[in-house]
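# Structural overview for review
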Amino acid sequence: MRLLPLLLLLLAGAAARASDDPFISGAANHSYNIDCGGSADFTSSFGRRWLADRFFSPGGAAGMVAEPHRFPQPQERTLRFFPPSSAGKSSCYSLPLPPGRYYLRLFSVYDNYDSKLRTPSFDVSAAATLVLSFRSPWPEPAARYGAYSDLIFPSSAAAGSDLCFYSLSTDAPAVASIEVAPVHPLAYDGATTGADLVLVNYGRFTCGNALFGPGFTRDADAFARVWQADVDFRNNDLAYDAITAGGKKIFGSDQPPNYFPTKLYESAVTTGGDATNEIEYLLPVDTRLSYMVWLHFAEIDAGIGSAGQRVFDVMLAGENVTRIDIFKQVGGFTAFKWTYIVENLTSSTLSVKLVPVVGRPILCGLENYAMVPLETRTVPSQVAAMKALKESLKIPSRMGWNGDPCAPRAWDAWEGVTCHRGDKGLVITQLDLASQGLKGYIADEISHLKDLVSLNLSYNSLTGSLPPGLGQPSLVSLDISSNEFTGSIPATIGSSKLQTALLNNNQLDGQVPERLYSIGVHGGVIDLYSSDSLSGNKGLCGVPTLPACALFWEKGGLNKTGKIALGASFGFLLLIIFIVVYILCIRRGPYDYDFEFPQDLTSISAISAKRNRYQRAKSVMLAEMEAHSPDGFYTNGSPH
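Residues numbered from 1 in each chain as written. Predicted model: local features only at pLDDT ≥ 70, side-chain atom pairs only at ≥ 80, totals over all residues. Heavy atoms only, no water.

### Overview of the sheet that holds strand S31 (residues 500–502)
An order of S26-S27-S28-S29-S31-S33 is seen for the six strands of this open sheet, with the pairing classed as mixed. Two strands bound the open sheet, and with one partner strand each, they are strand S26 (417–421) and strand S33 (525–527). Averaged over all pairs of adjacent strands, the angle between strand axes in this sheet comes to 20°, irrespective of strand direction. Alignment of strand S29 (residues 477–479) against S31, held across three bridges, turns out to be parallel. The residue bridging Leu478 from the neighbouring strand is Ala501, located in S31. (Pairing = 2+ DSSP bridges. Helix = DSSP H or I, 4+ residues; strand = E, 2+ residues; numbered from the N terminus. Axes fitted to C-alpha atoms, helices over the stretch in contact; angles between N-to-C directions.)

Here it is, written out as structure tokens:
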């Protein structure tokens, strides 16, 4: 998709009132002004708080335009660029936006920041959908002074809120500032067209007036739009006159959900010369897209006081689509909005023409938005899994793992990633990250890649144990050879579809699961151990060509025999303890006497009774010993 960005040369002006500028409300309202390449926060002359982009982790490198004196605002003088050699083919700003609809404005500038005298070519995506394309060479005004581009996009948990830049060839995408603010959910027919569309601005004009809007002039637009002068888009073969409201109040403006500003309706153009002349605007567009056209009117001529005095037809792309009588619709000095969708254009120029029926046609403003359908994105659970793997595998920045792993489809998926369309979105089917210098581990979230067919992580320096989720039922080929994985092989590895399993040259141990070994038995390819390598899984055991496992060892733990032996040993130990206790404390011989503890050890009477019983027992024992003494001596020491 080729897009001509809206050219808005920045004009100096007084500060906008905070109540009229959504970008002033700040992070509490999820509005952000990001100074790309800036090193410190600052407040502009219009009262906006600008943030250094280091808070949004964009990567790339910071730069400055060659001639900063051309740019009155600080955020226009700095930029961030993304060399593909270090940042990969895609680089993204992560915008912390909850679900909703947002107005996004970019300022892009080149101004020979790299002294190469060549503007870059690159694409931009929002909500994983390609929305802007910059192609070299840029128009001279855009290259030297910058170009503003804006759009309305939805943010959701599924779509995400990444703003991504894609490098073409060796060109480095460049951006100078990013502004984003929430808009009314019903703005621009959001109820019927907003949920699945991005509205990209292909022209927003104020007729008979100069550029205005918050952040550029002191004039208000509660939506934060900027309205460009229309002179560059008129059919100059026709004559035009400008008229104004003469200071009279305009009714019906600044109303939700679109908040079209009052200033828009205070001026207009009409035809000059012959009363049969037409008004025509020629708007550059892309073919094969549909466009939402908004026309803005107000009967600001006091000489028109009744219906039927000014009537004209509206023709879009050569088709007569409606007849308008402003006074009949809303009366005088009142804003009137009319919208129409032009579908599937076949020309690169959209003609908007007002043809007189009675009197001269009149027009206050015009907007044209490309209706870009949201692209199919990666299934959210798999996006989360891939982001977890990006962290755990320590994917280097040069691989460009940013944004959606599979979308937009005009660009390839993340490096080393292959995607296919599934029932609920795009899904990951292959990961080929061999020999990428990875030094992390495999995150458990890999289990969410339910459609993974092939996984190749060989010849890296990955460590840790193998997660159970590595054995996906869909997996056909697994190669994690030549890493530093430790621990046992999970029994889950070895699905019915697995045909290739290369786990050699790691530090794995324990018994090889029978299901995994059966791959080789049934004609598949399996390699667990390389005998010619000193690092080749010497701890694995239990299948042919590998050592036998220890007597009680299986799959990283005790086998059934070991568990029985351990249980028997424990039972035998309990038996010994019971016998010892029985001998010492329980068994009574013929001379054992009752030394039972009293029920209440604190009772004095119980203690006295016990002492008396003990004395009687002692007397009986002495008498018996005296009667049976074999040596002729009395126990009290007296002889017979």
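### Some words on helix H6 (residues 380–392)
Each α-helix winds once per 3.6 residues, and so residues spaced three or four apart point in a common direction. Between its terminal C-alpha atoms H6 stretches 18 Å, which fits the 18 Å expected from 13 residues at 1.5 Å a residue. In this structure, the buried residues of H6 make contact with S26 and strand S27 (426–432). Phi turns positive one or two residues past the end of H6, at Lys394, with a value near 55°. (Expected span 1.5 Å × (residues − 1). Contact = heavy atoms within 4.5 Å.)

### Notes on the pattern of salt bridges
The full count for this structure, using the stated rule, is 18 salt bridges. Among the salt bridges present, the one from Arg144 reaches Glu140, with a minimum N-O distance of 3.6 Å. With Arg144 and Glu140 both in helix H3 (residues 140–145) and four residues apart, this pair spans about one turn of that helix. Relative accessible area serves as the criterion here: at 29%, Arg144 is assigned to the partly exposed category. Between Asp313 and Arg323 there is a salt bridge, and its shortest N-O distance comes to 2.6 Å. (Salt bridge = Lys/Arg side-chain N within 4 Å of Asp/Glu carboxyl O. Buried < 20%, exposed > 50% of the residue type's maximum accessible area, 1.4 Å probe, protein only.)

### Notes on the sheet that holds strand S34 (residues 539–541)
The three strands are arranged S30-S32-S34 in an open sheet whose pairing can be described as parallel. The open sheet has two edge strands with one neighbour each: strand S30 (486–487) and S34. Inspection of the sheet shows strand S32 (residues 507–511) paired to S34 by three bridges, in the parallel sense. Within S34, the residue paired with Gly510 across the bridge is Leu540.

### Thoughts on the state of the cysteines
Tallying each qualifying case throughout the model produces three disulfides. Here Cys92 is linked by a disulfide to Cys164, with a sulfur-sulfur distance of 2.0 Å. Judged by the sign of its S-S torsion, about 105°, the bond between Cys92 and Cys164 is right-handed. In this pair, Cys92 sits in strand S6 (residues 90–94) while Cys164 sits in strand S11 (residues 162–167), placing the two residues 72 residues apart along the sequence. Relative accessible area serves as the criterion here: at 3%, Cys164 is assigned to the buried category. The residue that forms a disulfide with Cys406 is Cys419, at a sulfur-sulfur distance of 2.0 Å. Here the disulfide of Cys406 and Cys419 is left-handed, its torsion about the S-S bond being about -75°. (Disulfide = S-S within 2.5 Å.)

### Focus on the pairing of strand S25 (residues 365–373)
Of all nine residues that make up S25, eight are buried, and the element is covered over most of its length. In terms of strand pairing, strand S14 (residues 197–206) meets S25 through eight bridges, oriented antiparallel. Looking at S25, one finds that Arg204 is bridged to Glu367. Relative to S25, strand S19 (residues 290–298) runs antiparallel, the two being bridged by seven bridges.

### Re the nonpolar core
Ranked by internal contacts, the top residues of the largest apolar core, which has 108 residues, are Tyr93, Phe153, Leu163, Tyr188, Tyr281, Leu295 and Phe297. Element by element, the count of residues in this core is highest for S19, at seven residues. What Tyr281 contacts, discounting residues up to four positions off in sequence, is Cys207, Asp230, Phe233, Arg234, Val269, Leu350, Ser351, Val352, Leu363 and Leu366. If you look at the next biggest cluster of nonpolar residues, it comprises 47 residues, including Ile395, Ala407, Leu478 and Leu546. (Core = buried A, V, L, I, M, F, W, Y, C linked by side-chain atoms within 4.5 Å.)

### A short note on the packing of aromatic side chains
Enumeration according to the criterion identifies 30 aromatic pairs in this entry. Ring geometry for Phe71 against Phe107: centres 6.5 Å apart, planes inclined by 75°, an arrangement best described as edge-to-face. Taken together, the positions of Phe71 in the loop between strand S4 (61–64) and helix H1 (74–77) and Phe107 in strand S7 (residues 100–108) put the pair 36 residues apart, joining distant regions of the chain. As far as burial versus exposure is concerned, Phe71 and Phe107 are alike and both buried. Aromatic pair Phe82 and Tyr93: ring centres 6.3 Å apart, planes at 85°, arrangement edge-to-face. With Phe82 in the loop between strand S5 (78–81) and helix H2 (84–87) and Tyr93 in strand S6, the pair connects residues that are 11 residues apart, well separated along the chain. Overall, the relative accessible area of 1% leaves Phe82 in the buried class. The buried category is assigned to Tyr93, whose relative accessible area is 0%. The side chain of Arg70 reaches across the aromatic face of Tyr145, ending 5.8 Å from its centre. In this structure, Arg204 packs its charged tip against the face of Trp227, placed 6.0 Å from the ring centre. (Phe/Tyr/Trp six-rings, centres within 6.5 Å; stacked < 30°, edge-to-face > 60°. Lys NZ or Arg CZ within 6 Å of the ring centre and 35° of its normal.)

### Topic: the confidence of the model for the protein chain
As a general rule, the predicted coordinates of low-pLDDT regions are not to be interpreted in detail. Of the residues in the protein chain, 82% reach a pLDDT of 70 or more, and the chain-wide mean stands at 84. A low-confidence stretch, residues 622–640 (pLDDT under 50), is modelled with nine contacts involving residues beyond four sequence positions or located in other chains. (pLDDT = per-residue confidence, 0-100.)

### As for a nonpolar patch on the surface
Among the surface-exposed residues, Phe572, Leu575, Ile576, Phe578, Ile579, Val580, Tyr582, Ile583 and Leu584 lie close enough to one another that they form a single nonpolar patch of about 900 Å² accessible area. Relative to the helices and strands, Phe578 is located in helix H8 (residues 560–586). (Patch = residues over 30% accessible without salt bridge, like charges linked within 9 Å, V, L, I, M, F, W, Y side chains within 5 Å. Areas by Shrake-Rupley, 256 points an atom, 1.4 Å probe, with all protein chains shown as cover.)

### Topic: the pairing of S26
In the sheet, S26 pairs with S27 via five bridges, with the strands oriented antiparallel. Across the sheet, Arg421 pairs through a bridge with Leu426, a residue of S27. Counted along the chain from S26 to the antiparallel partner S27, the turn is four residues long, and its residue Gly425 has a positive phi close to 145°.

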